[in-house]
Amino acid sequence: MMKQLWSKKYLWLGILIAALLPQFIENRFYMNILILILLFATVANAWNVLGGYAGQLSLGHAIFFGLGAYTSSLLFLKLGVSPWLGIIVAVILCVIVGVLIGFPTFRLKGTYFTLATIAFAEVVRQVALFWRSLTNGSMGVNIPFDPSFGNMIFREYSVYYWITLVLFLISLAVMYWIDGSKLGYYLRAIREDQDSAQTLGINTTKYKMYAMMISSAIAGAAGVIYAQYMLYFEPDNIFNLNLSIEFVLIVIVGGIGTIYGPLLGAAIIIPLNEFLRSLFPSLNGMNFFIYGVALMLIVAFLPNGLLPFLKERLAKLTNRKKLEESKAA
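Bear in mind that the values here come from a model prediction, so they are computed numbers and not experimental data.

Under the definition given, this model contains five salt bridges. Taking the shortest distance from any N to any O, the salt bridge between aspartate 236 and arginine 125 comes out at 2.4 Å. Pair noted here: aspartate 236 is in helix H11 (residues 235-238) and arginine 125 is in helix H5 (residues 111-130), with a separation of 111 residues, a long-range link. By relative accessible area, aspartate 236 is classed as partly exposed at 32%.

Laid out in structure tokens, this is it:
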């Protein structure tokens, strides 16, 4: 009980510090990094629901991220619908698309499921490229800079930061709920051994579909905020396979199937990405080379990710301190 109270106290302290950060950071480069960390940690949380808890290793989550961005932006540009309303439509559409993708792909297991998600992502990218009358094709979507609350466009980076922080905290609350709920236990059972879980009476398809719906909804909402923050995107960068891989890499580095792993992974990967781009502007793709090296090192030496490793080290240090104190007494 005391441990839970302490953990909640630290959680609220962390939220308070995070909310106050913009008051102390004026540099736009660093504010941009913080916004991207929260945004990508949110999408990583979304992927973690399906890939970390349910064990369904999707490489197509850029579908929902991009679909959210396109839905709200096209509603805003063509019909004048505020992105605050567009985010609701985007979430609903992403959930529907997630269900439609889930029905055929959940019949597959392992590598075949992963390949199927890549195929769906590529199909969506090609549709966005060639449906020029709707998506403007390879020219992309350019949102005019017209700052106002209704347009979800702001001059101050701090406002974007607080919006992404709220969305991240919502996704974190969802992760906490899943972790301690019946859904979370069922998803972990499916991840460990799907056949055994089905033998025990768990409707594996239904619960994987629940995970897909939650995952797609969060990723779609993050896509809306990304679109309103960047104000320009096109199919080759928003539906890119590299983007889906980046979401997965963030979770793997931080700790797959953990609550705070995606945040830790994003706090490492996103600054690394941004600093590499600024340090090596002429070396296009250097960030992906570093990603590959980082992934190989993590898989080789820390297969469970950084967060479980840090927890294990902290537990050993705590136990050693208690042992020394007991000997001294």
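Let us keep going from here.
This next bit is on the nonpolar core. Counting 90 residues, the largest nonpolar core has Phe40, Phe64, Phe65, Tyr161, Leu187 and Ile238 as its most contacted members. Per-element accounting of this core gives the leading share, 17 residues, to helix H2 (residues 28-53). Excluding residues that lie within four positions of it along the chain, leucine 187 makes contacts with Val49, Tyr53, Ala54, Ile178, Tyr207, Lys208 and Ala211.

Let us look at the packing of aromatic side chains. Inspection of every chain in the model, using the stated rule, returns 16 aromatic pairs. With a centroid separation of 5.6 Å and an interplanar angle of 70 degrees, the aromatic rings of phenylalanine 65 and phenylalanine 247 are classed as edge-to-face. Placement of the pair is phenylalanine 65 in helix H3 (residues 62-79) and phenylalanine 247 in helix H12 (residues 241-254), with a sequence separation of 182 residues. For the residue pair phenylalanine 65 and phenylalanine 247, the accessibility class agrees, reading buried in each case. With a centroid separation of 5.7 Å and an interplanar angle of 10 degrees, the aromatic rings of phenylalanine 106 and phenylalanine 113 are classed as stacked. Summarising the burial analysis for this pair, phenylalanine 106 and phenylalanine 113 share the class buried.

Calculation notes
Residues numbered from 1 in each chain as written. Predicted model: local features only at pLDDT ≥ 70, side-chain atom pairs only at ≥ 80, totals over all residues. Heavy atoms only, no water. Salt bridge = Lys/Arg side-chain N within 4 Å of Asp/Glu carboxyl O. Helix = DSSP H or I, 4+ residues; strand = E, 2+ residues; numbered from the N terminus. Buried < 20%, exposed > 50% of the residue type's maximum accessible area, 1.4 Å probe, protein only. Core = buried A, V, L, I, M, F, W, Y, C linked by side-chain atoms within 4.5 Å. Contact = heavy atoms within 4.5 Å. Phe/Tyr/Trp six-rings, centres within 6.5 Å; stacked < 30°, edge-to-face > 60°.

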